[in-house]
Amino acid sequence: MQNIVLKIVTVCEWSKATTSGIYAGSPDDLRDGFIHLSSQHQLRGTLEKHFKDKGDLVLIAFEAATLGPQLKWEQSRGGDLFPHLYRNISVSEALWQRALQNDENGVPQIDEEWFVC
């Protein structure tokens, strides 16, 4: 469906993952049994709904095709199909990572240039 899928993590979570080489998911991911991801067009809504007024966040990009058949597109918020990954992620699968900064309303901001090839 999408070439790139994205994960928002805390700096602490990603630091632990880079040390071990594996990202097993956030507490919400572990509770739900899959790693919650977003496509680019879903990202702003995810940031506003789940990450407002939270700091020390990192945005990690992954190529959807490399995540294999455990990546499922399932109906979620507003009936949209969201990418859910039913396995751990190897840190080496990350295409890039970017620190997120909050705007004056407390919402983490993205730079659209991150997505330009």
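Up top you'll find the structure we're talking about.
Residues numbered from 1 in each chain as written. Predicted model: local features only at pLDDT ≥ 70, side-chain atom pairs only at ≥ 80, totals over all residues. Heavy atoms only, no water.

**Considering the overall build of the chain**
Scanning the chain for helices and strands turns up three helices and nine strands. Put simply, the chain runs from its N terminus to its C terminus through helices and strands in the order β-α-β-α-β-α-β-β-β-β-β-β. The C-alpha radius of gyration computed for the chain amounts to 13 Å, which stays within 12% of the reference 13 Å derived for 117 residues, consistent with globular compactness. The principal-axis extent of the C-alpha atoms belonging to the chain is close to 40 × 35 × 35 Å. When burial is assessed residue by residue, the chain has 40% of its 117 residues classed as buried. Contacts in the chain between residues far apart in sequence, at least 24 positions, make up 73% of those at least 6 positions apart. (Helix = DSSP H or I, 4+ residues; strand = E, 2+ residues; numbered from the N terminus. Rg over C-alpha atoms; globule rule 2.2 N^0.38 Å. Buried < 20%, exposed > 50% of the residue type's maximum accessible area, 1.4 Å probe, protein only. Contact = heavy atoms within 4.5 Å.)

**Some remarks on the packing of aromatic side chains**
Throughout the structure, instances matching the rule amount to three aromatic pairs. Here the aromatic rings of Phe-34 and Tyr-86 are separated by 5.3 Å at their centres, their planes lie at 45°, and the arrangement is tilted. In this pair, Phe-34 is assigned in the loop between α2 (27-32) and β3 (35-36) and Tyr-86 in the loop between β6 (81-85) and β7 (89-90), connecting sequence segments 52 residues apart. One residue, Lys-54, lies across the ring of Phe-51, its end atom 5.8 Å from the ring centre. (Phe/Tyr/Trp six-rings, centres within 6.5 Å; stacked < 30°, edge-to-face > 60°. Lys NZ or Arg CZ within 6 Å of the ring centre and 35° of its normal.)

**Thoughts on the sheet that holds strand β4 (residues 57-63)**
Strands sit in the order β1-β4-β8-β9 across an open sheet of four strands; the sheet is antiparallel. Two strands lie at the open edges of the sheet, namely β1 (4-10) and β9 (108-109), each paired on one side alone. Judged from the six bridges that link them, β4 and strand β8 (residues 94-102) form a sheet pairing that is antiparallel. Opposite Leu-59, over in β8, you have Arg-98 as the bridge partner. (Pairing = 2+ DSSP bridges.)

**Here's the deal with the sheet that holds β3**
Pairing is antiparallel across the open sheet formed by three strands, whose spatial order is β3-β6-β5. At either end of the open sheet lies a strand with only one pairing partner, and these are β3 and β5 (71-75). Summarising the sheet, β3 and β6 pair through two bridges and their orientation is antiparallel. Looking across to β6, one finds that His-36 is bridged to His-84.

**A word on helix α3 (residues 40-50)**
Within the span of α3, buried status applies to Gln-42, Leu-43, Thr-46 and Leu-47. One side of α3 carries all its buried residues, which in axial view fall inside an arc of 140°. Exposed side of α3, more than 90 degrees from the buried face: His-41 and Lys-49 are the residues found there. (Arc of directions from axis to C-beta.)

**Considerations on helix α1 (residues 11-20)**
If you check which residues of α1 are buried, you get Glu-13, Trp-14 and Ala-17. Angularly, the buried residues of α1 cover 95° about the axis, an arc narrow enough to put them on a single face. α1 presents Lys-16 and Thr-19 as exposed residues on the side facing more than 90 degrees away from its buried surface. Summarising the contacts, the buried residues of α1 are in contact with β1, β2 (22-23), α2, β4 and β8. Immediately beyond the C-terminal end of α1, within one or two residues, lies Gly-21, with a positive phi of roughly 90°.

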